[in-house]
Amino acid sequence: MPLMGSLYIGSSGLQTSQNALNTTAHNLSNVDTTGYTRQQVQQSNRAYVTLSTDPKSISNKQTGLGVTYSRVKQVRDYFLDKTYRKESGRSMFYEVSTEVMEEVESQLGELNGEAFQTTMTDFWTAIQELSKDPSSSVTQGLIVQRANEFVQRAGAVYDGLSSYQNNLNTQIKQNVDKINKYGNQLLTLNDQIRAIESGGIEHANDLRDARNQILDELAELTNMTFSEDRYGSVSVQIEGVDFVKDGTCYEIALKTDEATGFYTPFWPQDATYTVRADGTRDYNIDGAEVFDLSVEISSDLNTDIGGLKAMLLARGDHRANYTDLAEGKYDSVSQSVVMNIQGEFDQMIHNVVTKVNDILAKAAGVQTGDLKLADGTTRSNVRYCVSDPNGYMRMEDGSPIQLFTKVTTDGYEKVIGEDGVTEYWIMKDEDPDSPESLYTIGNLQVNPALTKEPSKLGFRLADGSEDKETADALKAAFTEEAYTLNPNVQKKTTFVDYYTDLVSQVSNSGYVFLSIYENQVSTVEATQSAREQVIGVSTDEELSNMIKFQNAYNASSRYINVISEMLEHIISTLGV
């Protein structure tokens, strides 16, 4: 090869070594940068110059033109990325679930420094004291006072659970906004990467790092899958539906429930809508929801992935009460931690309230049967009594005394018998479809008349004797094993133990979630460790590469110097 041509070989070595040193320095400067992927230099031969061809020879006569810096590639493992993102999403699901259980346990365990169990114990103690001396104004006043505390603190616990639902609801909106933001960032990065790499020479590795970091964070929030086309653009699917594809981000929208204010994420492109008078759209999101919350949560089915889904499940879709625990309805709330506890807690309060009221009603002479009315109709199988203002356990209007009353409606309805004269009081039935008819925490109070004058209870019969039977019935009601937490629990419990079992159930569920979460953390850490071995920057390796490329640079420099000296010697010699 001519000596002048040899200079190009040395020059290519200098350029390639310098570029390799720059890449190595870039790796070292980003050793602690979150999301950075180690970059690796690839070198190749420049095109050969063919001097002659000879079919009889093994190869043609060629001379090389040196080395070229062909590309800098990211060192990543697609399968490790896929595994890490799947397991990190599952880990986030159980992390959120664990945090929810801890918050619920805190709501149940402490109330301004005093456990609700203390309130239950105090009410039970007041019942016991009443059974010892029913006619005492002191014990009557104590039971009304403890009943007031019972209702007020029950309301505070339920309000705390409802407030936490609102908190989760706010987090859901924030996370949906974050997901949509990530989607638009991915679109921007796709465009930038295509623009840089379209020439086939440069590689937008730093932009790819930013994109991969977004995919990692997106995977924590949702069950997502991704793929990259030959042009370098990434497509993303969330819960099997396209989210980012072909230059479009299909943003997730939120449907707001008018009654609760709860948000439901849905796909606008899959929903139908009507246009209101003000020009806004009223969406029908049936079948367009992002998450199908009716599906069983299972790792085998991969339905336990994503923090957003865990928040939606925990929050539920409404404020639950005891009617949600009925057969056929419980499945709709069983997977929601907060709704399940709301329903079970409200059921405990409802059972206590109705049992106490029923015992007082029996003492007042309420009976069950058919009652013919003045309008010719018959009320079948109703609980009723004759109105008697002077009767035992009666109010001034002749209705039976209730310790607990509803805020919005009366417990009894006044009617006229078939003789057109006799007045009766009929106990109103509770209607699950009519919230104002229910004895629920949000619709409950202690009888205002008893709060003002507890001695109205009396507990003294017409003959002047104490009503020990009714007092003992109240005491027995608290020790009767007749109640279960929900339809899936077979164990019968008493009023006294119900709350303890409720808290234990929360604690046990929390322990299960915590155990799964800790196992998931170990899995994610192991996967991340394996991934870091591929994408992470090793300072020892990079320093070794730096020495190698520095020596290559020095060798190319010396090579050029030698050729330069040879040329100078030849020119000088020929010039003599």
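Each remark here, short or long, concerns the structure printed above.
Visitor: Describe in detail unusual backbone geometry, supporting the description with residues and values.
Guide: One non-glycine residue, D246, lies in the positive phi region at around 50°. Note on placement: D246 falls in the loop between β7 (241–245) and β8 (248–249).

Visitor: Quick rundown of the pairing of strand β17 (residues 423–427)? Include the residues and the values.
Guide: Within β17, four of the five residues are buried, which leaves it mostly tucked inside the rest of the structure. Sheet analysis places strand β14 (residues 378–386) next to β17, joined by three bridges and oriented antiparallel. Following the sheet pairing, Y384 is matched in β17 by I426. Across five bridges, strand β16 (residues 412–416) lies against β17 in antiparallel orientation. Among the inter-strand pairings, V415 is bridged to a residue of β17, identified as Y424.

Visitor: For the layout of surface pockets, give the residues involved together with the corresponding values.
Guide: By volume, the largest pocket amounts to about 590 Å³. Along the wall of the largest pocket there are 23 residues; nearest its centre are T264, F291, L293, G316 and D317. Where the lining of the largest pocket is concerned, the elements lending two or more residues are β10 (263–266) and α6 (307–315). In terms of residue class, the lining of the largest pocket is built from 10 nonpolar, six polar and seven charged. One number sums up the size of the second largest pocket: a volume of about 410 Å³. In terms of lining, the second largest pocket is formed by 21 residues, of which the most central are S334, Q335, S336, V337 and F513. Contributing elements (two or more residues each) for the lining of the second largest pocket: α2 (78–109), α6, α7 (337–363) and α10 (495–535). It is α10 that provides the largest number of residues to the lining of the second largest pocket, a total of six residues. For the lining of the second largest pocket, the class distribution of residues is 13 nonpolar, seven polar and one charged.

What counts and what doesn't
Residues numbered from 1 in each chain as written. Predicted model: local features only at pLDDT ≥ 70, side-chain atom pairs only at ≥ 80, totals over all residues. Heavy atoms only, no water. Helix = DSSP H or I, 4+ residues; strand = E, 2+ residues; numbered from the N terminus. Buried < 20%, exposed > 50% of the residue type's maximum accessible area, 1.4 Å probe, protein only. Pairing = 2+ DSSP bridges. 1 Å grid on protein atoms, 1.4 Å probe; cavity = no way out; pocket = protein on both sides within 12 Å on 5 of 7 lines; lining within 4 Å. Points joined across faces, edges and corners; volume = space filled by probe spheres on them. Nonpolar A, V, L, I, M, F, W, Y, C, P; charged D, E, K, R; others polar.

Structural measurements only, silent on function.
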